[in-house]
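Residues per chain are reported as follows:
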Amino acid sequence: MSAWSEYKQKLGSARPWHLLDAENYVDDQVSSARYEICLACPELINLTKQCKQCGCFMTMKVRLKGAVCPLQKW
């Protein structure tokens, strides 16, 4: 598998432009629960709140319906 294919697989079906439409958001309880998992994960870069595995900004990714954790934690 190419590096690009592997990267795309880690993203799930969520894309950055999905943030522009609130219909793509999960409810606040789900996003909060996801973010708590991320905060406890050693793969989170605390300074920027980015995931080392996928490079996403987790404060935003946890809000999207189609988003998945690349480590399958949520």
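For the structure given in this document, a descriptive report is provided here. (Residues numbered from 1 in each chain as written. Predicted model: local features only at pLDDT ≥ 70, side-chain atom pairs only at ≥ 80, totals over all residues. Heavy atoms only, no water.)

## Observations regarding the overall build of the chain
Scanning the chain for helices and strands turns up 3 helices and 2 strands. Its helices and strands taken in sequence order, the chain reads α-α-β-β-α from the N to the C terminus. On C-alpha atoms alone, the chain measures out to a radius of gyration of 12 Å, which is about the 11 Å that the 2.2 N^0.38 rule sets for 74 residues. Counting only residues that meet the buried cut, the chain has 27% of its 74 residues in that class. For the chain, long-range pairs separated by at least 24 residues make up 55% of all intrachain contacts whose partners lie at least 6 apart in sequence. Entry remark: accessible area of the chain is about 5,000 Å², with carbon and sulfur atoms responsible for 56%. Charged side chains in the chain number 10 positive and 7 negative. The centres of these two groups are separated by 7 Å. (Helix = DSSP H or I, 4+ residues; strand = E, 2+ residues; numbered from the N terminus. Rg over C-alpha atoms; globule rule 2.2 N^0.38 Å. Buried < 20%, exposed > 50% of the residue type's maximum accessible area, 1.4 Å probe, protein only. Contact = heavy atoms within 4.5 Å. Areas by Shrake-Rupley, 256 points an atom, 1.4 Å probe, with all protein chains shown as cover. Lys, Arg positive; Asp, Glu negative; His and termini not counted. Charge placed at Lys NZ, Arg CZ, Asp CG, Glu CD.)

## Considering helix H2 (residues 28-39)
In this model, H2 (12 residues) spans 16 Å end to end at C-alpha, consistent with the 16 Å of a helix rising 1.5 Å per residue. Buried within H2 we find Ser-31, Arg-34, Tyr-35 and Cys-38. Across the axial projection of H2, the buried residues extend over an arc of 100 degrees, all falling on one side. Projecting away from the buried face of H2 at angles above 90 degrees are the exposed residues Gln-29 and Glu-36. Packing partners of the buried residues in H2 comprise strand E1 (44-45) and helix H3 (58-61). (Expected span 1.5 Å × (residues − 1). Arc of directions from axis to C-beta.)

## With respect to the environment of Ala-3
By the element assignment, Ala-3 lies in helix H1 (residues 3-11). Residue Ala-3 is classed as exposed on the basis of its relative accessible area of 64%.

## Notes on unusual backbone geometry
Phi is positive for Lys-49, which is not a glycine, with a value near 60 degrees. Residue position: Lys-49 is located in the loop between E1 and strand E2 (50-51). Of note, the phi angle at Gln-72 is positive, near 60 degrees, even though the residue is not glycine. With respect to the secondary-structure elements, Gln-72 resides in the segment after H3. Exposure remark for Gln-72: the relative accessible area of 72% places this residue in the exposed category.

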